[in-house]
Amino acid sequence: MNMPTNKSDGLVNSHIQMPKLLLKRFHNRFNKFFYYDVREGFIGTNGSAKSINTEYGYYSASTEQFLRDYIETPFGQIVKYIENIDFSQDYFRLTPDFEETTMNFVYALLARDPDTVGEINKNSVFLQFLPARTRHDIAARNGIAF
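Predicted model, so just to flag it, every value in this text is computed and none were measured.

Peer 1: Help me get a handle on the environment of Glu 55, residues and values and all.
Peer 2: Here Glu 55 lies in strand S4 (residues 54-56). Once the C-alpha coordinates of Glu 55 and Ser 14 are considered, the two residues, 41 residues apart in sequence, prove to be 5.4 Å apart.

And the structure:
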């Protein structure tokens, strides 16, 4: 459910699982892409990296900043580095942080999966009593660490 952002509360339309930095790579010349909606079982033809799989305030402002600063921005730099590799050369060097940054990004995708939140909630005595945004934050931040 997309809602307009309210700048005063610091919340944004959170990308629940897949960050915008990767989704926008699939845009066509009209800044749209096709996608498959797993829950509803249909192929969408009007996807946009800005709005697909987003929910206003899904994550707190501090978790959004954490994901941006420690997961998405570093991985975006890895993607840019890969784009500039001359694959016609006999070899190339990966950046020293390539493995850790890439693994953190993969861990974040797993931790941000709504099913992960559901499983944590189902297997926790206390998590069910917390607000939804707090559950999302805990799953995203702690799931990466696990």
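Peer 1: Outline the pairing of strand S2 (residues 33-37), supporting the account with residue identities and numerical values.
Peer 2: The pairing of S2 with strand S3 (residues 42-47) spans four bridges and is classified as antiparallel. The residue of S3 that forms the bridge with Asp 37 is Phe 42. Counting the residues that bridge the hairpin from S2 to S3 gives four residues, and of these Gly 41 lies at a positive phi of roughly 70°.

Peer 1: Before we move on, could you go through the layout of surface pockets and cite the residues and values that matter?
Peer 2: Approximately 710 Å³ is the volume found for the largest pocket. Taken together, the elements giving at least two residues each to the lining of the largest pocket come down to strand S1 (13-15), helix H1 (20-23) and helix H2 (61-83). Counted by class, the lining of the largest pocket contains five nonpolar, ten polar and ten charged residues. Together, 18 residues line the second largest pocket, and Tyr 36, Asp 37, Val 38, Arg 39 and Asn 53 are the ones closest to its centre. Counting only elements with at least two residues in the lining of the second largest pocket, the list comes to S2 and helix H4 (114-122). Per-element tally for the lining of the second largest pocket: the top contributor is S2, with five residues.

Peer 1: Could you give me a rundown of the nonpolar core, with the residues and numbers involved?
Peer 2: Among the nonpolar cores identified, the biggest contains 18 residues, and Ile 71, Phe 75, Phe 105 and Ile 144 are the most heavily contacted of them. Elements with a minimum of two residues in this core: H1, H2, helix H3 (98-112) and helix H5 (132-145). For this core, the element with the most residues is H2, which contributes five residues. Not counting the four nearest positions on each side in its chain, Phe 75 is found in contact with Leu 21, Leu 22, Thr 101, Thr 102 and Phe 105.

Peer 1: Describe in detail the packing of H3 against H5, supporting the description with residues and values.
Peer 2: Two elements in contact, H3 and H5, have axes whose closest approach is 8 Å; the angle formed by their N-to-C orientations is 140°. The angle between H3 and H5 falls in the class oblique. Relative to H5, the crossing made by H3 is right-handed. When H3 is examined against H5, the residues Asn 104, Tyr 107, Ala 108, Ala 111 and Arg 112 are found in contact with a partner set consisting of Ala 139, Ala 140, Gly 143 and Ile 144. Taken together, the residues of the contact of H3 with H5 sort by class into six nonpolar, two polar and one charged.

Peer 1: Lay out unusual backbone geometry with the relevant residues and their values.
Peer 2: Of note, the phi angle at Asn 31 is positive, near 60°, even though the residue is not glycine. Relative to the assigned elements, Asn 31 resides in the loop between H1 and S2. Its identity is not glycine, yet Asn 53 carries a phi of approximately 55°, on the positive side. Locating Asn 53 in the fold gives a position in the loop between S3 and S4. Under the relative-accessibility criterion, Asn 53 is labelled partly exposed at 42%.

Peer 1: Can you explain the side chain of Ser 48? Please cite residues and give values.
Peer 2: Structurally, Ser 48 is set in the loop between S3 and S4. Every residue in contact with Ser 48, bar those within four places of it in the chain, is listed here: His 27, Asn 31, Lys 32 and Phe 33.

Peer 1: Report on the pattern of salt bridges, specifying residues and quantitative values.
Peer 2: Throughout the structure, instances matching the rule amount to five salt bridges. As a salt-bridge pair, Glu 83 and Arg 25 come within 2.0 Å of each other at their nearest N and O atoms. Remark: Arg 25 occurs in the loop between H1 and S2 and Glu 83 occurs in helix H2; sequence separation between them is 58 residues. Residue class for Glu 83 comes out partly exposed when judged on its relative accessible area of 46%. Where Glu 119 meets Lys 122, a salt bridge forms, and the shortest distance between an N and an O atom there is 3.1 Å. Here Glu 119 pairs with Lys 122, and both are found in helix H4, just three residues apart, close to one helical turn. With a relative accessible area of 59%, Lys 122 lands in the exposed category.

What counts and how
- Residues numbered from 1 in each chain as written.
- Predicted model: local features only at pLDDT ≥ 70, side-chain atom pairs only at ≥ 80, totals over all residues.
- Heavy atoms only, no water.
- Helix = DSSP H or I, 4+ residues; strand = E, 2+ residues; numbered from the N terminus.
- Pairing = 2+ DSSP bridges.
- 1 Å grid on protein atoms, 1.4 Å probe; cavity = no way out; pocket = protein on both sides within 12 Å on 5 of 7 lines; lining within 4 Å.
- Points joined across faces, edges and corners; volume = space filled by probe spheres on them.
- Nonpolar A, V, L, I, M, F, W, Y, C, P; charged D, E, K, R; others polar.
- Core = buried A, V, L, I, M, F, W, Y, C linked by side-chain atoms within 4.5 Å.
- Buried < 20%, exposed > 50% of the residue type's maximum accessible area, 1.4 Å probe, protein only.
- Contact = heavy atoms within 4.5 Å.
- Axes fitted to C-alpha atoms, helices over the stretch in contact; angles between N-to-C directions.
- Parallel < 35°, antiparallel > 145°, perpendicular 65-115°, else oblique.
- Left-handed = near helix turned anticlockwise from the far one by under 90°.
- Salt bridge = Lys/Arg side-chain N within 4 Å of Asp/Glu carboxyl O.

None of this, on its own, says anything about what the molecule does.
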